[in-house]
Amino acid sequence: MPPQTLIFINLIFKIMNYLNGLRAVAMVAIAVLTFSSCSEDQTSFSIDDIQGKATLVGSLTYDDNQAIASGTGTSSVKPAANTLVYVKVSNVSLSPNYNGAGNTVYEVTTDANGEFKVEVPAVEPGSVVTIQPATFTGKYYAVVAGATGTSTVVKDGVYSVGGYTVSVLPNDIKVVGKRAYRFTDYDGINY
């Protein structure tokens with residue numbers, strides 16, 4: 001074989017080795033890009049990922065009947081101050097495929113006027129939210145009629161109010177209303 005042919009064949013082998021090296025580098029680069037672009041944040045859903053928010057505002061009151069029983073007033077309605085309110089957002093209503101489970105619960109405390117305000121995640125076509133004020137113990141001043149007139153009896157018991165459900169959209173400010181607690185004494189009598 002002539003020496004030029006050997007040089008030519010040797011050159012072709014060197015070029016092929018060089019191209020194989022480039023191909024190997026390219027394959028490694030593609031693999032690195034493929035695996036580094038998959039992160040847990042992109043494959044999971046978190047309630048913090050929801051950009052839309054809605055605001056709920058409301059107030060709570062209770063009537064202990066004290067002003068009426070004592071004859072000092074015509075109304076005994078008072079704000080339910082410093083009362084815990086549970087706000088439960090349905091995860092099913094937040095899930096893109098409606099396959100979520102359970103609730104995400106927020107807690108808010110009423111102010112001195114019995115008012116509360118809470119921001120919750122909201123999506124189209126609507127997030128389902130249940131507001132459940134906490135129960136609390138207290139006294140109720142019952143007016144009892146007797147043979148010699150009326151008297152005031154102080155009852156110990158529990159103040160409670162039922163939960164209620166609303167639907168909110170992104171950017172909503174929804175007034176969820178003024179709710180009044182009811183009193184049940186330890187004998188099970190409602191006032």
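See the structure above.
In this text, all values refer to a predicted model and were calculated from it rather than measured experimentally.

### A look at the nonpolar core
Then step 1. Counting 29 residues, the largest nonpolar core has Leu56, Val87, Phe116, Val120, Val129, Ile131 and Val168 as the members making the most contacts within it.
Then step 2. Listing elements by their share of this core, those giving two or more residues are strand 1 (53-63), strand 3 (84-90), strand 5 (115-121), strand 6 (127-133), strand 7 (136-146) and strand 9 (164-168).
Then step 3. No other element matches strand 1, which puts 4 residues into this core.

### Some words on the side chain of Thr83
Then step 1. If you trace the backbone, Thr83 turns up in the loop between strand 2 (77-79) and strand 3.
Then step 2. Of the polar contacts made by the side chain of Thr83, one reaches the backbone oxygen of Ala80; its length is 3.1 Å.
Then step 3. Setting aside its immediate chain neighbours within four residues, Thr83 contacts Leu60, Val108, Thr109, Thr110, Ala134, Phe136 and Tyr181.

### Here we look at the sheet that holds strand 11 (residues 182-185)
Then step 1. Taken in spatial order, the 3 strands make up an open sheet running 7-8-11, and their pairing is antiparallel. Every other strand in the sheet has two partners, leaving strand 7 and strand 11 as the edge strands with one partner each. Put simply, the sheet's adjacent strands are angled 50 degrees from each other on average, direction ignored.
Then step 2. Alignment of strand 7 against strand 8 (residues 149-160), held across 11 bridges, turns out to be antiparallel. Its bridge partner being in strand 8, Thr137 is matched across the sheet by Val158.

About the criteria used
- Residues numbered from 1 in each chain as written.
- Predicted model: local features only at pLDDT ≥ 70, side-chain atom pairs only at ≥ 80, totals over all residues.
- Heavy atoms only, no water.
- Core = buried A, V, L, I, M, F, W, Y, C linked by side-chain atoms within 4.5 Å.
- Buried < 20%, exposed > 50% of the residue type's maximum accessible area, 1.4 Å probe, protein only.
- Helix = DSSP H or I, 4+ residues; strand = E, 2+ residues; numbered from the N terminus.
- Polar contact = N/O pair within 3.5 Å; in protein donor to acceptor, adjacent residues only side chain to side chain.
- Contact = heavy atoms within 4.5 Å.
- Pairing = 2+ DSSP bridges.
- Axes fitted to C-alpha atoms, helices over the stretch in contact; angles between N-to-C directions.

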